[in-house]
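Overview (structure and organization)
Residues per chain are reported as follows:
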Amino acid sequence: MAPKVYNRGILSDYLPSLIGNTSAELEAIAVELGESKFRGRQLASWLYQKNAQSFEEMRDLPAAFRKTLAEKYQISPLRIADHRHSTDDVDKLLVHRGDDQVFECVLLPYKDRVSCCVSTQIGCPMGCTFCATGMGGFDRNLTVAEIVGQYLLLQFISPRRVSHLVFMGMGEPLLNYDNLVKAMKILHDEIGLSYRHLTVSTVGLVPQIKLLAKEDLPIHLALSLHSPFDEVRDKLMPVNHKWPVREVVGAMKSYQRATGRKITFEYLLIKDVNDTADQARELANLVKGVPCVVNLIPFNWVDTGYGFARPTKERVQAFRNALEGARVNVTERTERGHDIAAACGQLAGQHEGRFGKKTLRVL
Ligand code: SAH
Ligand code: SF4
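Residues numbered from 1 in each chain as written. Chains lettered and ligands numbered in written order. Predicted model: local features only at pLDDT ≥ 70, side-chain atom pairs only at ≥ 80, totals over all residues. Heavy atoms only, no water.

Description of the pairing of strand E10 (residues 263-269)
Counting buried positions along E10 yields 7 of 7 residues, so the element is predominantly enclosed. Pairing of E10 with strand E11 (residues 292-298) involves 7 bridges; the strand directions are parallel. Each bridged residue has a counterpart across the sheet, and for Tyr267 the counterpart in E11 is Leu296. On the question of chirality, the crossover connecting E10 to the parallel E11 by way of helix H10 (residues 277-287) is right-handed. (Buried < 20%, exposed > 50% of the residue type's maximum accessible area, 1.4 Å probe, protein only. Helix = DSSP H or I, 4+ residues; strand = E, 2+ residues; numbered from the N terminus. Pairing = 2+ DSSP bridges. Right-handed = clockwise from strand over helix to strand, strands pointing away.)

Encoded structure:
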């Protein structure tokens, strides 16, 4: 079999991309170029079902139409700047759209499924004090094409079907609300992913959680809670000053009732900061009776200047026992991809010094 070749063209860098459009929008594009709607549907199938990387592949489209398309559009805006494979089978792609702003996405194969983790922003403005992405500041929101494009690239390099997707890469998904929702619709309607296999993780933006509850998409929502106490959460996540624990947990409970979906509370464990017995007790009280899971994430070390450390295994176990003793469902996130800096909270677009602007343009 011929080796897979990534779409690395540079000539079409500034053309609008076809992915990111719905079937109806692709039909409209076909009609505008003098073709029938049917050609638009064929195009959608090439882009989303067959994951075509070039116009040449689209053999059942008339050659003249393919030529016009190639003059006016590119398939995907994304270029790969770097591709790393970890010792525990995680792939991390560093991508860009032809400029010097890079962002990351990760492929996570498991025994029973393949998942992926994608970014929604370049950088993040939320400033959480434990997060490498937050440290680097914020550049911009990603477009629908850039969000969907990450999935398609990861599916392209994966030998197995990528059935699950989490929005836990760089950025706060709910700050890029419209593009997030359209990307999820494309992932579902065009690519065929189940809404139940899409997870949005949020720092806790209350108005957007309320909006999302009204969208009627049975996706999985996760709140990064990280402490049941405002004094502690304030220090970890500046957003808590605006929407404190009671308010954001209240919004999550309303979301749960409105959608009937089980929700997740993510709980990053930092030694001596939020891993104490009183916080386990208060957390259990806070989520009592809610159909939910608490997902424990031992801190992945990044130097954010606050001296945070990962708790010992015994301490994590004690926290877990306290929650389970109070009949809370608990899972623990296993860290993967550490050797290629692909673990949670480590996605920071580590490119400075390695990829100058010029290098990126020609990759
Ligand atoms: N902005 C969203 C989603 C991206 S972050 C959010 O904050 O929820 C995805 C997850 O990684 C969040 O739960 C976040 O708290 C966690 N995270 C950030 N930095 C981390 C670190 N150093 N170690 C472990 N998890 C971290
Ligand atoms: Fe942004 Fe999430 Fe990192 Fe906080 S944890 S800075 S919200 S990416």
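Thoughts on the site of ligand 1
Around ligand 1, the structure places 21 residues, and the nearest of them are Gly171, Ser201, Ser224, His226 and Asn300. A distance of 2.6 Å is found between an oxygen atom of ligand 1 and a side-chain nitrogen or oxygen belonging to Ser201. Bound to the protein, ligand 1 loses 96% of the 530 Å² it would expose on its own. Taken together, the elements giving at least two residues each to the shell around ligand 1 come down to strand E8 (198-202) and E10. Here the shell around ligand 1 is composed, by residue class, of 11 nonpolar, 8 polar and 2 charged. (Near = heavy atom within 4 Å. Polar contact = N/O pair within 3.5 Å; in protein donor to acceptor, adjacent residues only side chain to side chain. Areas by Shrake-Rupley, 256 points an atom, 1.4 Å probe, with all protein chains shown as cover. Nonpolar A, V, L, I, M, F, W, Y, C, P; charged D, E, K, R; others polar.)

Notes on the nonpolar core
In terms of nonpolar packing, the biggest core is built from 109 residues, with Tyr48, Phe130, Met184 and Phe265 touching the most fellow members. The greatest single-element share of this core, amounting to 9 residues, is contributed by helix H5 (residues 144-157). The two domains that each donate at least three residues to this core are domain 1 (23-72) and domain 2 (79-356). Ignoring anything within four residues of it in the chain, the contact list for Phe130 reads His226, Leu236, Met237, Leu268, Ile270, Phe299, Val302, Thr304 and Phe308. (Core = buried A, V, L, I, M, F, W, Y, C linked by side-chain atoms within 4.5 Å. Domains from an automatic or database assignment. Contact = heavy atoms within 4.5 Å.)

Some remarks on the sheet that holds strand E9 (residues 220-224)
Sheet architecture is open: 10 strands sit in the order E1-E2-E3-E4-E7-E8-E9-E10-E11-E12, paired in mixed fashion. Of all the strands in the sheet, just strand E1 (79-85) and strand E12 (330-332) have a single pairing partner and so form its edges. Going from strand to strand, the sheet's axes swing by 20° on average, the running direction of each strand aside. Pairing geometry for strand E3 (residues 103-109) and strand E4 (residues 114-117), over 4 bridges, is antiparallel. Each residue of the ladder has a partner; that of Leu107, found in E4, is Cys116. (Axes fitted to C-alpha atoms, helices over the stretch in contact; angles between N-to-C directions.)

Side note on the site of ligand 2
Residues in close proximity to ligand 2 include Cys124, Met126, Gly127, Cys128, Phe130, Cys131, Gly134, Gly171 and Val203, which together make up its full environment. By residue class, the composition of the shell around ligand 2 is 6 nonpolar, 3 polar and no charged.

Here's the deal with the domain arrangement of the chain
According to the domain assignment, the chain consists of domain 1 (23-72) and domain 2 (79-356). Here the C-alpha centre of domain 2 lies 35 Å away from the C-alpha centre of domain 1. Domain 1 puts 8 residues into the contact, and the matching count from domain 2 is 8 residues. Together, the buried faces of domain 1 and domain 2 total about 710 Å²; carbon and sulfur atoms form 46% of this surface. When the buried surface of domain 1 facing domain 2 is broken down by residue, Tyr48, Asn51 and Gln53 rank first, second and third, together holding 69% of it. Applying the counting criterion to the domain 1 and domain 2 interface returns 1 salt bridge. For Glu25, the salt bridge is made with Lys182, and the minimal N-O distance between the two is 2.9 Å. There are 4 residue pairs in polar contact (both at pLDDT 80 or more) connecting domain 1 and domain 2. (Buried area = accessible area lost by both parts, 1.4 Å probe. Salt bridge = Lys/Arg side-chain N within 4 Å of Asp/Glu carboxyl O.)

Comments concerning the side chain of Ser227
If you trace the backbone, Ser227 turns up in the loop between E9 and helix H8 (230-236). At 2.6 Å, the side chain of Ser227 forms a polar contact with the side chain of Gln279.

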